[in-house]
Amino acid sequence: QKEVEQNSGPLSVPEGAIASLNCTYSDRGSQSFFWYRQYSGKSPELIMSIYSNGDKEDGRFTAQLNKASQYVSLLIRDSQPSDSATYLCAVRWTGRRALTFGSGTRLQVQP
Amino acid sequence: EPEVTQTPSHQVTQMGQEVILRCVPISNHLYFYWYRQILGQKVEFLVSFYNNEISEKSEIFDDQFSVERPDGSNFTLKIRSTKLEDSAMYFCASSDGTSVNNEQFFGPGTRLTVL
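What you are looking at is a predicted structure, and each value in this text was computed from that prediction instead of being measured.

Of regular secondary structure, chain B possesses zero helices and eleven strands. In chain B, the succession of α and β elements from N to C terminus is β-β-β-β-β-β-β-β-β-β-β. Expected size for 115 residues packed as a compact globule is a radius of gyration near 13 Å; at 13 Å, chain B falls within 12% of this value. Across its three principal directions, the C-alpha atoms of chain B cover 40 × 25 × 25 Å. For chain B, with 115 residues in total, the buried portion stands at 44%.

This is how it looks when you write it as structure tokens:
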């Protein structure tokens, strides 16, 4: 069974701080990794994707992938109250197009 | 910016009735998907569709479910005989299929309530 695991949180950080969200996955045969943001009652919104080991930066967001250790993380710099949401990690396994989602980590940014 | 649209936003139906959920994927995308999210649970894959046929489906997507692209823009999910446990948010997504990552973009969802 291929699994994607996330700490449910809530992760609480003060405004302006760095929020660090982590995700582990069970299968080394994984091709691509995605971070989505989901506000309560809304649909998943793609933040960024990564498929190579290392860091990928996009504005205030940095995704980090370590395939040997089977984890992917998302750093949010200068966190804002509007960043308060559930962050979903998703994995696309090799040979498939379907995404397998984790249960999400709820982030709370305190003003 | 192009986006996936879905109708209706909320559908209420009686157990045993048929429902059709509609989606308009992003216009130049080639791959279409349906996912569902039961309240408080994970987003779960149902089915993917490419070149007018199902390319992949999950165990959830049994004989009561079907998908169709009836014209050049719409993509539909039909549930033949709804059950109470079908109550969930249903999300349509699409991807262009050309990027290495196959990024999928989600619509706003249809909330299905089965009474």
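Now, onward.
This next bit is on the state of the cysteines. Per the counting criterion, the structure on display carries two disulfides over all chains. For C23 of chain A, the disulfide goes to C89 of chain A, at an S-S distance of 2.1 Å. Linking C23 of chain A and C89 of chain A, the disulfide has an S-S dihedral of approximately -70 degrees and is accordingly described as left-handed. Of this pair, C23 of chain A sits in strand 3 (residues 19–25) while C89 of chain A is found in strand 9 (residues 85–93), placing the two residues 66 residues apart along the sequence. When sorted by exposure, C23 of chain A lands in the same class as C89 of chain A, which is buried. Between C23 of chain B and C92 of chain B runs a disulfide, and the two sulfur atoms are separated by 2.0 Å. What sets the handedness of the C23 of chain B and C92 of chain B disulfide is the S-S torsion sign, and at about -65 degrees it is left-handed. In this pair, C23 of chain B is assigned in strand 3 (residues 19–24) and C92 of chain B in strand 9 (residues 88–95), connecting sequence segments 69 residues apart. C92 of chain B matches C23 of chain B in its accessibility class, with the two residues each being buried.

Residue and element names in this part refer to chain A. Considering the arrangement of structural elements, one finds S79 in the loop between strand 8 (71–76) and strand 9. On the accessibility criterion, S79 (0% relative accessible area) is buried. Each residue touching S79, except ones within four places of it in the same chain, is listed here: V13, P14, E15, G16, A17, I18, A19, R60 and V109.

This part takes up the packing of aromatic side chains. Within the structure shown, the criterion is met by 14 aromatic pairs over all chains. Taking 5.2 Å as the distance between ring centres and 40 degrees as the angle between the ring planes, the aromatic pair formed by Y35 of chain B and F106 of chain B counts as tilted. Highlighted residues: Y35 of chain B in strand 4 (residues 31–37) and F106 of chain B in strand 10 (residues 105–106), separated in sequence by 71 residues. For Y35 of chain B, a relative accessible area of 0% puts it in the buried group. An angle of 75 degrees between the planes, with centres 6.2 Å apart, marks the rings of F91 of chain B and F106 of chain B as edge-to-face. Highlighted residues: F91 of chain B in strand 9 and F106 of chain B in strand 10, separated in sequence by 15 residues. An identical accessibility class is assigned to F91 of chain B and F106 of chain B; each is buried. Joined through ring pairs, the aromatic side chains of Y36 and F101 of chain A together with Y33, Y35, F45, F91 and F106 of chain B make up one cluster. It is R60 of chain A that lies over the ring of F61 of chain A; its NZ or CZ is 5.5 Å from the centre. Of note, R97 of chain A hangs over the ring of Y31 of chain B, and the distance from its end group to the ring centre comes to 3.9 Å.

What follows concerns the interface of chain B and chain A. Listed by partner, the interface residues are 19 residues for chain B and 23 residues for chain A. One can count two salt bridges joining chain B with chain A. Salt-bridge contacts for K42 of chain B lead to E3 of chain A; the nearest nitrogen and oxygen are separated by 3.8 Å. At the surface where chain B touches chain A, the tally comes to eleven residue pairs in polar contact (both at pLDDT 80 or more). Elements that contribute at least two residues to the side of chain B that touches chain A include exactly strand 4, strand 5 (43–50) and strand 10 of chain B. Broken down by element, the side of chain B that touches chain A gets its largest block of residues, four residues, from strand 4 of chain B.

Moving on, we get to the sheet that holds strand 8 (residues 75–79) of chain B. Residues and elements named next belong to chain B. Reading across from one edge, 1-3-8-7 is the order of the four strands in this open sheet, with antiparallel pairing throughout. Each of the sheet's edge strands pairs with one partner strand only, and the pair in question is strand 1 (5–7) and strand 7 (65–68). Across the sheet, the axes of successive neighbouring strands diverge by a mean angle of 20 degrees, strand direction being ignored. In the sheet, strand 7 pairs with strand 8 via four bridges, with the strands oriented antiparallel.

What counts as what
- Residues numbered from 1 in each chain as written.
- Chains lettered and ligands numbered in written order.
- Predicted model: local features only at pLDDT ≥ 70, side-chain atom pairs only at ≥ 80, totals over all residues.
- Heavy atoms only, no water.
- Helix = DSSP H or I, 4+ residues; strand = E, 2+ residues; numbered from the N terminus.
- Rg over C-alpha atoms; globule rule 2.2 N^0.38 Å.
- Buried < 20%, exposed > 50% of the residue type's maximum accessible area, 1.4 Å probe, protein only.
- Disulfide = S-S within 2.5 Å.
- Contact = heavy atoms within 4.5 Å.
- Phe/Tyr/Trp six-rings, centres within 6.5 Å; stacked < 30°, edge-to-face > 60°.
- Lys NZ or Arg CZ within 6 Å of the ring centre and 35° of its normal.
- Salt bridge = Lys/Arg side-chain N within 4 Å of Asp/Glu carboxyl O.
- Polar contact = N/O pair within 3.5 Å; in protein donor to acceptor, adjacent residues only side chain to side chain.
- Pairing = 2+ DSSP bridges.
- Axes fitted to C-alpha atoms, helices over the stretch in contact; angles between N-to-C directions.

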